[in-house]
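A structural walkthrough
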Amino acid sequence: MQSDDPVVITGMGAVSPLGVGVATNWERLLAGKSGIVRNDRFDVSAFASQIAGLVPSKSRDEKGFDPTDFIDPKDVKKMDVFIQYGLGAAQEALEQAGWMPESDEDKAATATIIASGVGGSPIMAQTAQTIAEKGPRRLSPFTVPAFLANLAAGWVSIRYGFTGPIGTPVTACAASAQAIGDGLRLIHTGEADVVVCGGAEGSVDPISIGGFAAARALCTSYNDAPEEASRPFDAKRAGFVLSEGAAMIVIERLSHAQKRGATPLAVLSGYGTSADAYHLTAGHPEGLGAQVAMRHALKMAGISPDEVDYINAHSTSTEVGDAAEIAAISGVFGARGKSLAVTSTKSSTGHLLGAAGGIEAVYSVMALRDQTIPASLNLEEPDPVADKFDLVPNTPKQKPLKHVLSNSFGFGGVNASLVFSAV
């Protein structure tokens with residue numbers, strides 16, 4: 001149940017295939033843009049999936065990413081790309097929140113919880129190749145710190161001097177939703193006053209693309225039409241599109257925000273998590289574990305299923321995964337029908353793996369701010385099972401929004417749900 005001093009979001013940052021910055025992301029999301037392109041990070045001629053959601057470089061897009069905008073050039077070579085994205089998103093979030101503490105007390109009261117599903121797999125792939133071709137003596141001393149999954153959190157903590165709790169959930173595609181939930185709990189227990197939380201991922205590399213394709217999880221049917229490849233809830237869906245990026249939020253008690261003059265953007269009102277204990281890579285077909293996570297999140301928020309206006313679904317554009325989530329949503333919200341909007345912003349961004357919950361948290365807060373539901377792109381033939389809900393096909397919809405639920409599910413049967421509420 002929510003108190004009269006809720007946990008609020010005061011800052012957000014985003015680096016995604018749609019570009020750099022929350023404003024850019026939101027503008028392009030509502031405009032129906034897609035960040036999915038032909039993968040040019042490496043030679044993909046032998047790969048079944050030849051597309052990806054790539055963060056655009058600033059040389060190609062004025063709203064793209066240049067690591068030196070956020071990082072000293074001499075440090076860039078010390079970190080894999082997921083850390084670079086994480087530092088960029090964290091800087092934007094902290095600047096918006098106006099949280100740059102100088103006292104030791106405030107620094108000790110600031111936690112850093114930044115997830116990654118995979119960590120620096122591009123560096124791992126490159127390292128394996130270097131050893132095979134040139135031998136281990138040619139490795140950089142920064143190799144291990146460049147790929148460790150917790151080093152996005154480490155770099156942010158070191159840069160800003162945050163000495164409070166630090167952590168890195170590595171729970172596949174639920175990781176950054178769990179990072180946000182962990183941050184919420186740290187504030188509830190009094191272990192932190194402010195938390196920088198979210199996720200970072202940069203795993204567009206031969207290991208990840210090849211491995212996910214071997215598991216028959218990736219889309220291989222739209223190599224010549226990348227923008228059409230991610231199509232949650234559509235009958236022609238053919239697998240997810242692997243993407244990269246980072247997203248961070250800054251959270252704190254409302255009273256703490258008010259005391260320092262910060263502007264609350266939304267309330268982080270609920271969190272729930274659970275395990276399916278069912279299968280390594282597939283969710284329970286009836287979404288039983290996902291239902292538990294959603295019900296726990298609603299309970300913490302102190303609201304009923306009837307009070308949720310919009311669900312930003314995890315749905316990744318795989319037949320099995322989409323069906324399991326719709327079954328879970330039906331189990332909790334089934335009577336709502338078309339009064340409940342359910343969309344998947346992965347139709348625009350692809351799947352950011354461990355950063356997915358973070359970017360979708362940002363989009364959920366922006367939906368509350370603008371009272372606008374982003375559309376599900378490429379929705380031409382809605383799956384009849386999902387079409388019982390308002391899927392908001394292809395065009396955003398204005399609607400009064402008070403509570404938004406965001407789902408994230410990961411390999412290993414991990415489920416995480418977050419509830420965001422209007423201030």
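Let us look at the structure shown here. (Residues numbered from 1 in each chain as written. Predicted model: local features only at pLDDT ≥ 70, side-chain atom pairs only at ≥ 80, totals over all residues. Heavy atoms only, no water.)

1. As for the overall build of the protein chain
Our working rule: The way it works is that DSSP assigns letters per residue, a run of H or I at least four long becomes a helix, a run of E at least two long becomes a strand, and they are numbered from the N terminus. Only C-alpha atoms enter the radius of gyration; for comparison, a globular chain is expected to reach 2.2 Å times N to the power 0.38, where N is the number of residues. Residue exposure (1.4 Å probe, protein chains only): buried if accessible area is under 20% of the type maximum, exposed if over 50%, otherwise partly exposed. Residues count as neighbours in contact if any of their non-hydrogen atoms are within 4.5 Å of one another. Throughout, the Shrake-Rupley method with a 1.4 Å probe supplies accessible areas, and for residues the shown protein chains are the sole cover considered. His is not counted, nor are the chain ends, whereas Lys and Arg count as positive and Asp and Glu as negative. Taken as the charge centre is NZ of Lys, CZ of Arg, CG of Asp or CD of Glu, depending on the residue.
A tally of helices and strands in the protein chain yields 14 helices and 15 strands. Against the globule reference of 22 Å for 423 residues, the protein chain gives a C-alpha radius of gyration of 20 Å, in line with a compact fold. C-alpha atoms of the protein chain, sized along the principal axes, occupy 60 × 55 × 40 Å. Put simply, the protein chain has 423 residues, and 61% of those count as buried. Partitioning the intrachain contacts of the protein chain with sequence separation of at least 6 by distance along the chain shows that 79% fall at a separation of at least 24. Carbon and sulfur atoms provide 53% of the accessible area of the protein chain, an area that totals close to 16,000 Å². In the protein chain, 33 positive and 45 negative side-chain charges are present, and the distance between their average locations comes to 2 Å.

2. Comments concerning the pairing of strand β14 (residues 403–410)
Stated formally: A pair of strands is treated as paired once DSSP finds two or more bridges between them.
For β14, the buried fraction is high: 8 of the 8 residues fall into the buried class. What you see with β14 is no split at all: His403, Leu405, Asn407 and Phe409 on one side and Val404, Ser406, Ser408 and Gly410 on the other are buried throughout. When strand β10 (residues 310–312) meets β14, the two strands line up parallel, connected through 3 bridges. From the neighbouring strand, Ile311 faces β14, where its bridge partner is Leu405. Summarising the sheet, β14 and strand β15 (residues 414–421) pair through 8 bridges and their orientation is antiparallel. In the sheet register, Ser406 faces β15, and the bridge partner there is Leu418. Between β14 and β15, which pair antiparallel one after the other, the connecting turn spans 3 residues, and Gly412 there sits at a positive phi close to 90°.

3. A closer look at the pairing of strand β7 (residues 194–201)
On a regular strand, each side chain points to the face opposite its neighbour's, so the side chains alternate between the two faces of the sheet. Counted residue by residue, β7 has 8 buried out of 8 residues, so it is predominantly covered. Side-chain alternation along β7 places Val194, Val196, Gly198 and Ala200 on one buried face and Val195, Cys197, Gly199 and Glu201 on a second face that is also buried. With 6 bridges connecting them, strand β5 (residues 110–115) and β7 associate as parallel partners. By the bridge assignment for β7, Ile113 is matched with Cys197. Sheet topology places β7 next to strand β8 (residues 245–253); 8 bridges connect them, and they run antiparallel. When the sheet's bridge partners are listed, Cys197 is paired in β8 with Ile249.

4. Points about the packing of aromatic side chains
Quick note on the threshold: Ring geometry is summarised as follows: Phe, Tyr and Trp rings, the Trp one being its six-membered ring, pair when their centres sit within 6.5 Å, and such pairs are stacked at plane angles under 30 degrees, edge-to-face over 60 and tilted between the two.
Scanning the model with the defined rule gives 6 aromatic pairs in all. Taking 5.6 Å as the distance between ring centres and 20° as the angle between the ring planes, the aromatic pair formed by Tyr160 and Phe162 counts as stacked. A residue is classified by how much of its surface remains accessible, and Tyr160, at 14% relative accessible area, is buried. Among the aromatic side chains, those forming a connected cluster through ring pairs are Phe65, Phe70 and Tyr85.

5. A look at the nonpolar core
Stated precisely, the cut-off is as follows: Only buried residues count toward a nonpolar core. Its members are Ala, Val, Leu, Ile, Met, Phe, Trp, Tyr and Cys residues joined through side-chain atoms within 4.5 Å.
With 50 residues, the main nonpolar core has Ile9, Ile251 and Leu268 as its most contacted residues. Take this core: its biggest share by element is 9 residues, from helix α14 (residues 356–370). Not counting the four nearest positions on each side in its chain, Ile251 is found in contact with Val7, Val8, Ile9, Ile180, Gly183, Leu184, Ile187, Asp193, Val194, Val195, Cys197 and Leu268. Within the second largest apolar cluster, 33 residues are counted, among which are Val15, Ala89, Ala93 and Ala246.

6. A look at helix α7 (residues 151–160)
Within α7, 8 of the 10 residues are buried, which leaves the element mostly enclosed by the surrounding structure. Regarding α7, the residues found buried are Leu151, Ala152, Ala153, Gly154, Trp155, Val156, Ser157 and Tyr160. Downstream of α7 by one or two residues, Gly161 has phi in the positive range, about 75°.

7. Quick look at the environment of Asp224
Position of Asp224 among the secondary structure elements: in the loop between α9 (206–214) and β8. Spatially, the C-alpha atom of Asp224 lies 9.4 Å from that of Val37, the residues being 187 residues apart in sequence.

8. Considerations on the pattern of salt bridges
Operational definition: One speaks of a salt bridge when a side-chain nitrogen belonging to Lys or Arg is within 4 Å of a carboxyl oxygen belonging to Asp or Glu.
Under the defined criterion, the tally for this structure stands at 16 salt bridges. For the salt bridge of Lys58 with Asp69, the shortest nitrogen-to-oxygen distance reads 2.8 Å. One end of the pair, Lys58, is in the loop between β4 (51–53) and α2 (73–76); the other, Asp69, is in the loop between β4 and α2, and 11 residues separate them in sequence. Among the salt bridges present, the one from Arg260 reaches Glu252, with a minimum N-O distance of 2.6 Å. For Arg260, a relative accessible area of 26% gives the class partly exposed.

9. Some thoughts on the packing of helix α1 (residues 22–30) against α14
Stated precisely, the cut-off is as follows: Each axis is a line fitted through C-alpha atoms, and for a helix only the stretch in contact is used; angles between axes span 0 to 180 degrees, taken between their N-to-C directions. These descriptions rest on fixed angle ranges, namely under 35 degrees for roughly parallel, over 145 for roughly antiparallel, 65 to 115 for roughly perpendicular, and the rest for oblique. In this classification, the charged set is Asp, Glu, Lys and Arg, the nonpolar set is Ala, Val, Leu, Ile, Met, Phe, Trp, Tyr, Cys and Pro, and all remaining amino acids, among them Gly, are polar.
Running from N to C, α1 and α14 cross one another at 75°; their axes reach a closest spacing of 11 Å. As the angle between them shows, α1 and α14 are arranged roughly perpendicular. Across the interface between the two elements, Val22, Asn25, Trp26 and Leu29 from α1 touch Ile359, Val362, Tyr363, Met366, Ala367, Arg369 and Asp370 from α14. Counted by class, the contact of α1 with α14 contains 8 nonpolar, 1 polar and 2 charged residues.

10. Points about the side chain of Thr343
Put simply, the rule reads: Any pair of nitrogen or oxygen atoms within 3.5 Å is treated as a polar contact; in protein, a donor-acceptor pairing is required on top of that, and neighbouring residues in sequence qualify only through side-chain atoms on both sides.
Position of Thr343 relative to the elements: it lies in strand β11 (residues 341–343). Residue classification places Thr343 among the buried positions, given a relative accessible area of 0%. In terms of polar contacts, Thr343 uses its side chain to reach the side chain of Tyr310, at 2.7 Å. Within the structure, Thr343 has its side chain in polar contact with the backbone oxygen of Pro374 (distance 3.3 Å). Thr343 has contacts with Phe233, Tyr310, Ile311, Asn312, Ala313, Ile373, Pro374, Ala375, Ser376, Leu391 and Val392, leaving out every residue within four places of it along the chain.

As far as function goes, none of this settles anything; it's purely spatial.
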